[in-house]
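If you want the building blocks of each chain, they are given just below.
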Amino acid sequence: VVERRIASNMFEVTVEPGSEIAGKRVVDLNIPQTALIVLLKRGEESFVPRGATVIEAGDKLLITSRKHDLDELRDFFGGSKGSSAKPPPLPLSPS
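Described in the following lines is the structure provided in the data block. From a predicted model like this one, the values you see are computed outputs, not experimental measurements.

Rules of the game
Residues numbered from 1 in each chain as written. Predicted model: local features only at pLDDT ≥ 70, side-chain atom pairs only at ≥ 80, totals over all residues. Heavy atoms only, no water. Buried < 20%, exposed > 50% of the residue type's maximum accessible area, 1.4 Å probe, protein only. Helix = DSSP H or I, 4+ residues; strand = E, 2+ residues; numbered from the N terminus. Pairing = 2+ DSSP bridges. Contact = heavy atoms within 4.5 Å. Polar contact = N/O pair within 3.5 Å; in protein donor to acceptor, adjacent residues only side chain to side chain. Core = buried A, V, L, I, M, F, W, Y, C linked by side-chain atoms within 4.5 Å.

Some points on the pairing of strand β1 (residues 10-15)
Buried residues dominate β1, accounting for 6 of its 6 residues. Because side chains alternate across β1, one face comprises the buried residues Met10, Glu12 and Thr14, and the other comprises Phe11, Val13 and Val15, equally buried. Examined bridge by bridge, β1 and strand β4 (residues 60-64) share 5 bridges and lie antiparallel to one another. Residue pairing across strands places threonine 14 opposite lysine 60, the latter belonging to β4.

Regarding the environment of arginine 25
Among the structural elements, arginine 25 can be located in the loop between β1 and β2 (36-42). Using a relative accessible area of 37% as the deciding quantity, one classes arginine 25 as partly exposed. Along the backbone, arginine 25 and glycine 51 are 26 residues apart, and their C-alpha atoms lie at a distance of 6.4 Å. Apart from the residues within four sequence positions on either side, arginine 25 is in contact with Gly51, Ala52, Thr53 and Val54. Reaching out from arginine 25, the side chain makes a polar contact with the side chain of aspartate 28 at a distance of 2.9 Å.

Regarding the nonpolar core
The nonpolar side chains of a soluble globular protein tend to be buried, and buried together. Counting 16 residues, the largest nonpolar core has Ile55, Leu61, Ile63 and Phe77 as the members making the most contacts within it. Listed by contribution, the elements that provide at least two residues to this core are β1, β2, β4 and α1 (70-79). Here leucine 61 is in contact with Phe11, Glu12, Val13, Val15, Ile21, Ile37, Leu39, Leu40, Ile55 and Phe77, once residues within four sequence places are set aside.

Let's talk about unusual backbone geometry
Of note, the phi angle at asparagine 30 is positive, near 60 degrees, even though the residue is not glycine. Tracing the chain through its elements places asparagine 30 in the loop between β1 and β2. The exposed category is assigned to asparagine 30, whose relative accessible area is 68%.

On their own, these measurements won't tell you what the molecule is for.
As structure tokens, then:
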């Protein structure tokens, strides 16, 4: 995992093919209630995901949470087979 900090409470997850979270709805991820998937980038499209949004391989998720929950979230997403967690690159460009 390569990390570059932009904010103490945000990081980006890239969902790789074969990831355990690929094919799951956001609501079914069982992430802590303090966490929020702020943005989902799929190809050239970026949008705010809802609970019914299905995560796909190749998606990039921008996640925010309380600072003391970030390590647990990084372990959850980084420890999921086929996903990687890192702080998002700067700057976040609007799509």
